[in-house]
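Geometric and topological summary
So the chains spell out like this:
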Amino acid sequence: MNPSETIQVAWKSLTSNKSRSLLTMLGVIIGVAAVIVMMAVSAGTEATIAESINGLGSNLIFISSNMTRMGPGQASAGSGGLVYDDLEAIRSQISGISGATVDQQTSVTVKYDKVNLDSISLVGVTTDYLDVRDMEIDEGRWLTDRDNEQAAKVVVLGSTLAEELFGDADPIGQAISANNTKLTVVGLLKERGLVSGTDFDYQMYTPINLVIKKFTFSMFARIQGDSVRMIYVAVDENANMDDVILQTTLLLARRHDVTVDSADFTISTQDDIIQTQASTTASFRTLLSWVAGISLLVGGIGIMNIMLVSVTERTREIGLRQAVGATPGDIQSQFLIEALMLSLLGGFLGVVAGVGGAMLFGKFGNMRTVILPYSIVLSFCSAALVGIVFGYLPAQKAARLDPIVALRHD
Amino acid sequence: MSETIIETIDLKKVYGMGETEVLALDGVSLHIESGEFVAIMGPSGSGKSTLLNLLACLDTPSDGHYLLAGEDVSDMSRAELAQVRNRKLGFVFQSYNLLPRLSALENVILPMMYQREERIPLHERNNLGMAALEQVGLTNRADHLPKQLSGGQQQRVAIARALINEPILILADEPTGNLDSRSSFEIIELLNHMHDRGRTIVMVTHEPDIAHYTQRILTIRDGKLDADRKNGQRPAVPVLQEQEGVL
């Protein structure tokens, strides 16, 4: 029996029971589509993360407080995390920096006219923030040192937030209320976009001293004091980054009276963040691959199941074919080819469904997808492998049938 | 040009092992020459099916030898036996055993698919298949599926299939067992016609009146050859009316 005839026979047998063949393939279709879609989603996520991390700026050092809240008595003894004074110390004592600023956020309810917005981030910053975070003023002015010294009730709005509050009207000079404190809008920022999960355009920026004075819950005020969540340091282009990190670490450790090993702050750079994200997304991808792989496996078991039923159903046919000259090898290859055709066809339909699904997700879903060519090849080859592996047992069972018994089977 | 087609020497077949051993065939030696039309009879359990399975190369003997046209097939592997069946044997079964999803013509040419040597090209197979269908008078049913054919017609398709590879021996296992008497006579007439054209036919039957149309009747009893007699007075097959197509 030559290969093309074997394929014809297998094809005829599959098409003679279309709905069953389709249902058998469904497992493989879903498995292959799942592999492609999941890899496209994780690749899309990675691409988004990579882009937003690149938006952080490569010369930035991030110093964050470790969340070890101490009791009131211990606050002054250090290990309470970063405080506003740390910023001044860094600015005056560390060489090789082009700017440094703080980031202390609080969530407020904002009102203007009839618009009322909940949970808006009010970010307490200093003048350097604009340059350090690579932002630009669109209209009006940015916060000044004087604003900060006086804890002036002024605010600069992100573009999206300004649009929601004021619509087409000009916000400059208008007063908005944030948790019942009146703030005067002095400037508007240009669009900055989503960076590392933060929407810079849907926040508002105000002097850090105002946040410390007015927007820290009174019950925490004593404990928190003038603590800040984050300090950003921009390293001068000509300075050595590692040197700046070392200086800063030593300075802060001394100020907080802690050892470097048990510091109450963490210093990281863009590279650190990229590495953390890369390992997170890698494990995310591994997990998804396992899920998809298991669904392919289940698809394979489905094929084996139906092929075993098919061998039993067609026992007489197998007996007759053997009687007229089919060797055990002919029978085995016939059933193997059938299983392989099911899995390849299922694999093909799965690729179509997976690519289509990933494109639809990317277009209409709230996620970005990047279709990886190697995921198509990988999943299609896996489907073929599944067909051979799970087709083997039924094919073996068919080939081993005794023609005498098979011919009498009913 | 009489040539020995079947020669068995002390053929034995044992089923089971140890204490449950059953001797189904207990030393059968026989000769069947080319061109003979032989019936094998015997009560159920006599071993006649076992003998037919051995003669059909569907099974191998536990002991003894079977020479098919001079070739000893007693110790062949399953794959080798499959090729012997393909090249040398034609089968007619009680229950026709046509593949339900194939047309009459496709069923007839099925054995050609399994030829190893001297394979006949695809386009010629249909012509040969039609020629075989013509011999059984069913050219007008070539495209019908088995379920669209009567029992007698299905058995005629099966006979055409048995002829397709020009076998040296046709084995028929109760070929009229599922048929009414009218169709039975049609089938016997057809087999007789094949015999007249020089085919060697061995048929297992338990119906004496069917066996009587053959030349020679072998009777198997308790695994042994009990009687081997020439059938002198073969009755004429009743003339069948309206046998359109046949012969």
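Report follows, based on the coordinates.

With that settled, the discussion passes to the overall build of chain A. Along its length, chain A carries 15 helices and 12 strands. Relative to a compact globule of 410 residues, whose C-alpha radius of gyration would be 22 Å, chain A shows 33 Å and is clearly more extended. Considered along the principal axes of its C-alpha atoms, chain A spans approximately 100 × 55 × 45 Å. A fraction of 80% describes how many contacts in chain A between residues 6 or more apart in sequence connect residues 24 or more apart.

Turning our eyes to something else, we now look at the overall build of chain B. From N to C terminus, chain B includes seven helices and 10 strands. For chain B, the C-alpha radius of gyration of 18 Å lies close to 18 Å, the compact-globule estimate for 247 residues. In chain B, buried positions account for 54% of the 247 residues. Counted over contacts in chain B with a minimum sequence separation of 6, partners at least 24 positions apart contribute 69%. When the accessible surface of chain B is split by element, carbon and sulfur atoms take 48% of a total near 11,000 Å². Considering chain B, the positive charge centre built from 24 side chains and the negative charge centre built from 34 side chains are found 4 Å apart.

Let's shift gears to the interface of chain A and chain B. Counting residues at the interface gives 29 residues for chain A, matched by 26 residues for chain B. Contact between chain A and chain B buries roughly 2,400 Å² in total, counting both sides, with carbon and sulfur atoms accounting for 55%. The interface formed by chain A and chain B includes five salt bridges. For B:Arg119, the salt bridge identified is with A:Glu5, shortest N-O distance 2.4 Å. Counting residues per element, the ones that place at least two in the side of chain A that touches chain B are α1 (3-15), α12 (315-323), α13 (328-364) and α15 (403-408) of chain A. Considering each element in turn, the side of chain A that touches chain B owes the most residues, six residues, to α12(A). Within the side of chain A that touches chain B, the residues separate by chemical class into 12 nonpolar, seven polar and 10 charged.

Residue and element names in this part refer to chain B. The mixed open sheet is built from six strands, whose spatial order is β6-β7-β8-β3-β9-β10. At either margin of the open sheet sits one strand with a lone partner, and together these are β6 (89-92) and β10 (224-230). With strand direction ignored, the average angle separating the axes of adjacent strands in the sheet is 20°. Relative to strand β9 (residues 216-221), strand β3 (residues 37-41) is paired through four bridges, and the arrangement is parallel.

This next bit is on the sheet that holds strand β4 (residues 63-68) of chain B. All names here are of chain B. Within the open sheet, the four strands sit side by side as β2-β1-β4-β5. Their pairing is antiparallel. Each having just a single partner strand, β2 (22-33) and β5 (71-72) make up the two edges of the open sheet. As judged from the five bridges shared by strand β1 (residues 4-15) and β4, these two strands associate in the antiparallel manner. Within the sheet, the bridge partner assigned to Lys 12 lies in β4 and is Asp 63.

Moving on: the pattern of salt bridges. Inspection of the entire model under this criterion finds 23 salt bridges over all chains. A salt bridge links A:Asp128 to A:Arg91; the shortest N-O distance between them is 2.4 Å. Here the residue A:Asp128 occupies a position in the loop between β3 (115-125) and α5 (129-132), and A:Arg91 occupies one in helix α4 (residues 84-93), the gap between them amounting to 37 residues. Judged by relative accessible area, A:Arg91 falls into the partly exposed class, the value being 38%. Note that B:Asp228 is salt-bridged to B:Arg216, the shortest N-O span being 2.9 Å. Of this pair, B:Asp228 sits in strand β10 while B:Arg216 sits in strand β9; the two residues are 12 residues apart in sequence, bridging distant segments of the chain.

Turning our attention to the pairing of β6(B). Looking along a regular strand, one sees side chains alternate from face to face of the sheet. Residues and elements named next belong to chain B. The side-chain alternation of β6 yields two buried faces, one formed by Leu 89 and Phe 91 and the other by Gly 90 and Val 92. Two strands pair when backbone bridges link them, and β6 and strand β7 (residues 169-173) are joined in this way by four bridges, in the parallel orientation. By the bridge assignment for β7, Gly 90 is matched with Ile 170.

Here the focus is a nonpolar patch on the surface. Taken together, the side chains of A:Trp11, A:Leu22, A:Leu345, A:Phe348, A:Leu349 and A:Val352 define a hydrophobic patch exposed on the protein surface, amounting to about 560 Å² of accessible area. Top element by residues in the nonpolar patch is α13(A). It accounts for four residues.

Time to look at unusual backbone geometry. Peptide bonds are mostly trans, and most non-glycine residues show a negative phi. Residues and elements named next belong to chain B. With a phi close to 60°, Cys 57 is a non-glycine residue in the positive phi region. Note on placement: Cys 57 falls in the loop between α1 (48-55) and β4. A residue is classified by how much of its surface remains accessible, and Cys 57, at 0% relative accessible area, is buried. Positive phi, close to 50°, is recorded for Glu 174, a residue that is not glycine. Note that Glu 174 resides in the loop between β7 and α6 (181-196).

All names here are of chain A. Put simply, α4 and helix α10 (residues 241-256) touch, their axes get as near as 11 Å, and they point 135° apart. Between α4 and α10, the crossing angle belongs to the class labelled oblique. The two elements α4 and α10 meet at a crossing, and its hand is right-handed. Between α4 and α10, the residues in contact are Asp 85, Asp 86, Ala 89, Ile 90 and Gln 93 and Gln 247, Thr 248, Leu 251, Leu 252, Arg 254, Arg 255 and His 256, respectively. In terms of residue class, the contact of α4 with α10 is made up of four nonpolar, four polar and four charged.

A few words now on the nonpolar core. Formed by 72 residues in total, the largest nonpolar core has its most connected members in B:Ile6, B:Leu51, B:Tyr66, B:Leu68, B:Leu169 and B:Leu171. Top contributing element to this core by residue count: helix α2 (residues 18-54) of chain A, with nine residues. Leave out the neighbours within four places in its chain, and B:Leu68 touches B:Ile5, B:Cys57, B:Val73, B:Val84, B:Lys88, B:Leu89, B:Ile168 and B:Leu169.

How each quantity is defined
- Residue numbers run consecutively from 1 along every chain, following the written order of its sequence.
- Chain A is the first chain written and ligand 1 is the first ligand written, with later ones labelled in order.
- Local features are withheld for residues below a pLDDT of 70 in this predicted model, meaning they are given only at 70 or higher, and side-chain atom pairs are given and counted only at 80 or more; totals for whole chains, interfaces and linings count all residues.
- For the side-chain quantities, the full set of heavy atoms in the structure was used; hydrogens and water were omitted.
- Under the DSSP-based scheme used, a helix requires at least four consecutive residues in state H or I and a strand at least two consecutive residues in state E, with every element numbered from the N terminus.
- All radius of gyration figures rest on C-alpha atoms, and the globule criterion is 2.2 Å times the number of residues raised to 0.38.
- It only takes one pair of heavy atoms within 4.5 Å for two residues to be counted as in contact.
- Buried, partly exposed and exposed residues are distinguished by accessible area as a fraction of the type maximum, computed with a 1.4 Å probe on protein chains only: under 20%, between the cut-offs, and over 50%, respectively.
- Accessibility throughout is a Shrake-Rupley quantity obtained with a 1.4 Å probe, and a residue counts as covered only by protein chains that appear here.
- Lys and Arg are tallied as positive, Asp and Glu as negative. Neither His nor the chain termini are counted.
- Positions of charges follow a simple convention, taking NZ of Lys, CZ of Arg, CG of Asp or CD of Glu.
- Summed over both partners, the accessible area lost on bringing two parts together, with a 1.4 Å probe, is the buried area.
- Salt bridges are identified by distance alone: a Lys or Arg side-chain nitrogen within 4 Å of an Asp or Glu carboxyl oxygen.
- When residues are grouped by polarity, Ala, Val, Leu, Ile, Met, Phe, Trp, Tyr, Cys and Pro land in nonpolar, Asp, Glu, Lys and Arg in charged, and all others, Gly among them, in polar.
- Strands are labelled as partners when DSSP assigns at least two bridges between them.
- To get an axis, fit a line to the C-alpha atoms, keeping to the stretch in contact for a helix; angles then go from 0 to 180 degrees between the N-to-C directions.
- Patch membership requires over 30% relative accessible area and the absence of a salt bridge. Like charges are linked within 9 Å, and nonpolar side chains (Val, Leu, Ile, Met, Phe, Trp, Tyr) within 5 Å.
- Working definition: roughly parallel below 35 degrees, roughly antiparallel above 145 degrees, roughly perpendicular at 65 to 115 degrees, and oblique for all remaining angles.
- Throughout, a crossing is termed right-handed when the near helix is turned clockwise from the far one, and left-handed when it is turned anticlockwise from it by less than a right angle.
- Nonpolar cores are built from buried Ala, Val, Leu, Ile, Met, Phe, Trp, Tyr and Cys residues. Side-chain atoms within 4.5 Å join them into one set.

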